[in-house]
Amino acid sequence: MDVPDMRETKVGVLDKAMSILLVFSRGDAVLLPQEIAERTDLPLPTVYRLAQALSEHGLLLKEGPRFRLGMTLLRLGMLVAEGIDVRRQASRHLKWLNEQTGENAELHMRQEETRLVIEVVSSPHNLRPFADVGVPLPLHQGAAGKVLLAWLPPAQCETLALASATRFGREKDFDLRHFHTELEVVRTEGWATSEGERSSGVSAIAAPIFAASGQVTGAITLVAPSARLGDEQRLRYIPLVRTAAQRASYDLGYGERV
């Protein structure tokens, strides 16, 4: 099999699909199914079937009888590169925020209609994490979710918020008009708070990380038990969360140093 860096996972269909994608890493822009079959040692009918399925997902692009790598791969690659860069640049600011407050400092990023915790600097006071790294969370709930949505175009914001509410089974309780009002306040103030929206007894403060393009690429979030994040603590911690997010934004090429 003439495929570079091919690893077998014992999942037959996945291995065959990956062998097809990796054929293009040799620099060939477009290939006929017959050429893919020759280079992967896969039967031609299998190549036809898998290449068509990959094109349905945008992983390949069909041009007449030939195939080329699809735009979905580019989009996913850009997300990975962006995520790595944001995580690297935000890491020291999360540590600083944790040192200033003694509470969990987290980096949240959007993935479609969900948000993911990408990085956590934990408080020594917490016996368990408030959310696991990499596990999808509702985008329409919580301080970080509001921050990740607030600067998006209104139509995209509404679509993602409704999709999140549907995915997490809370569409009946979701008031879109009230949510729009909340996001207007978030954009005006530059930060968001939440109390018990996703998990009872857990509160959060979040502020946006802007990329050089001006788009919100993540949210620095302070998370703590509600009992430790009362009005007095919020007044002290909101400027700290905003400062950490602004410094991370600056490191990504946005704005002025704070």
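You'll find the structure just up there.
Worth saying up front: this structure is predicted, and the values here are computed from it rather than measured.

J.: I'd like a description of the pairing of strand S6 (residues 192–195), backed by residues and values.
T.: Side chains of S6 alternate between two faces, with Ala-192 and Ser-194 buried and Thr-193 and Glu-195 left unburied. In this structure, S6 lies alongside strand S7 (residues 202–210), joined through 4 bridges in antiparallel fashion. Each residue of the ladder has a partner; that of Glu-195, found in S7, is Ser-203. Hairpin connection between S6 and S7: a loop of 6 residues separates the two successive antiparallel strands, and Gly-196 in this loop has a positive phi of roughly 65°.

J.: Help me get a handle on the packing of aromatic side chains, residues and values and all.
T.: Here the structure, examined in full by the defined rule, presents 3 aromatic pairs. Between Trp-151 and Phe-210 the ring centres are 5.6 Å apart and the planes differ by 85°, which places this aromatic pair in the edge-to-face class. On the criterion of sequence distance, the pair formed by Trp-151 in the loop between helix H5 (143–150) and helix H6 (154–167) and Phe-210 in strand S7 is long-range, its members being 59 residues apart. Given a relative accessible area of 30%, Trp-151 falls into the partly exposed group. Here Phe-210 and Tyr-254 contribute two aromatic rings whose centre-to-centre distance is 4.8 Å and whose plane-to-plane angle is 25°, an arrangement assigned as stacked. Residue Phe-210 is located in strand S7, and its partner Tyr-254 is located in the segment after helix H8 (231–251); the two are separated by 44 residues in the primary sequence.

J.: Break down H8 for me, citing the residues and quoting the values.
T.: Quick reminder: α-helices carry 3.6 residues per turn. Residues three or four places apart thus point the same way. Under the 1.5 Å per step criterion, the end-to-end length of H8 is 31 Å for 21 residues, consistent within 8% with the ideal 30 Å. Largest kink in H8: about 30°, centred on Tyr-237, with the proline Pro-239 one to four residues after it. One or two positions beyond H8, positive phi appears at Gly-253, with a value near 100°.

J.: Could you give an account of the pattern of salt bridges, naming the residues involved and the relevant values?
T.: In this structure the tally under the stated criterion is 8 salt bridges. Put simply, Glu-197 and Lys-146 hold a salt bridge, and the shortest N to O gap is 2.7 Å. Taken together, the residues span a long stretch of sequence, with Glu-197 in the loop between S6 and S7 and Lys-146 in helix H5 at a distance of 51 residues. Residue classification places Glu-197 among the partly exposed residues on the basis of a relative accessible area of 27%. The buried category is assigned to Lys-146, whose relative accessible area is 4%. Via salt bridges that share partners, Lys-146, Glu-182 and Glu-197 belong to a single interconnected network.

J.: Mind laying out H6, listing which residues take part and the relevant values?
T.: A rise of 1.5 Å per residue sets the reference length of H6, with its 14 residues, at 20 Å; its end C-alpha atoms lie 20 Å apart and thus fit the reference within 8%. Among the residues of H6, Cys-157, Leu-160, Ala-161, Ser-164 and Ala-165 are the ones counted as buried. Taken around the axis of H6, the buried residues stretch over an arc of 135°, which confines them to a single face. Opposite the packed face of H6, turned more than 90 degrees from it, sit the exposed residues Ala-155 and Thr-159. Here the buried face of H6 lies against strand S3 (104–111), strand S5 (137–138), H5 and helix H7 (176–189). In the segment just after H6, Gly-169 is the residue with positive phi, at about 70°.

J.: Lay out the nonpolar core with the relevant residues and their values.
T.: Counting 25 residues, the largest nonpolar core has Leu-97, Leu-107, Ile-205, Ile-209, Ile-220, Leu-222 and Val-241 as its most contacted members. Elements represented by at least two residues in this core include exactly helix H4 (71–101), S3, strand S4 (114–121), S7, strand S8 (216–225) and H8. Per-element tally for this core: the top contributor is H8, with 7 residues. Each residue touching Ile-220, except ones within four places of it in the same chain, is listed here: His-93, Leu-94, Leu-97, Glu-106, Ile-205, Ala-206, Ala-207, Ile-209, Val-241, Ala-244, Ala-245 and Ala-248.

J.: Please provide a residue-by-residue account of the packing of helix H2 (residues 33–40) against helix H3 (residues 44–56), values included.
T.: The N-to-C vectors of H2 and H3 enclose an angle of 115°; their axes lie 9 Å apart at closest approach. With respect to their mutual orientation, H2 and H3 come out roughly perpendicular. Crossing handedness for the pair H2 and H3: right-handed. Contacts between H2 and H3 pair Pro-33, Gln-34, Ile-36, Ala-37 and Thr-40 from the former with Leu-44, Val-47 and Tyr-48 from the latter. Its residues placed into classes, the contact of H2 with H3 shows 6 nonpolar, 2 polar and no charged.

Rules and cut-offs
- Throughout this document, residue positions are counted from 1 along each chain, in the order its sequence is written.
- Local features in a predicted model are, by the rule used here, given only for residues with pLDDT of at least 70; side-chain atom pairs are given and counted only at 80 or more, and totals for whole chains, interfaces and linings are based on all residues.
- Water and hydrogen atoms play no part in the side-chain values, which are based on all heavy atoms of the structure.
- Under the scheme applied here, a residue whose accessible area is under 20% of the maximum for its type counts as buried, over 50% as exposed, and between as partly exposed, the area being computed with a 1.4 Å probe on protein chains only.
- Secondary structure elements are taken from DSSP: a helix is a run of H or I of four residues or more, a strand is a run of E of two residues or more, and numbering for both begins at the N terminus.
- By the convention used here, strands pair only if DSSP detects at least 2 bridges between them.
- Only centres within 6.5 Å qualify two rings of Phe, Tyr or Trp (six-membered ring in Trp) as a pair; their planes then separate them into stacked at under 30 degrees, edge-to-face at over 60, and tilted for everything else.
- A helix is expected to reach a length of 1.5 Å times the quantity of its residues less one.
- The reported bend at a residue is simply the angle between two axes, fitted to the 7 residues ending at it and to the 7 residues beginning with it.
- In the sections that follow, a salt bridge refers to a side-chain nitrogen of Lys or Arg positioned within 4 Å of a carboxyl oxygen of Asp or Glu.
- Directions pointing from the helix axis toward each C-beta atom define the arc.
- Whether two residues are in contact is decided by their heavy atoms: any pair within 4.5 Å suffices.
- Throughout, nonpolar core names a set of buried Ala, Val, Leu, Ile, Met, Phe, Trp, Tyr and Cys residues whose side chains join them through atoms within 4.5 Å.
- Whenever a helix is involved, its axis is fitted only over the stretch in contact; in every case the axis is a line through C-alpha atoms, and angles between N-to-C directions fall within 0 to 180 degrees.
- Orientation is classified from the angle alone, with under 35 degrees giving roughly parallel, over 145 giving roughly antiparallel, 65 to 115 giving roughly perpendicular, and any other angle giving oblique.
- Two helices cross in a left-handed way if the nearer one is turned anticlockwise from the farther one by less than a right angle. They cross in a right-handed way if the turn is clockwise.
- For this scheme, ten residues count as nonpolar: Ala, Val, Leu, Ile, Met, Phe, Trp, Tyr, Cys and Pro. Four count as charged, namely Asp, Glu, Lys and Arg, and the remainder, Gly too, count as polar.

Nothing here speaks to function; it is all geometry.
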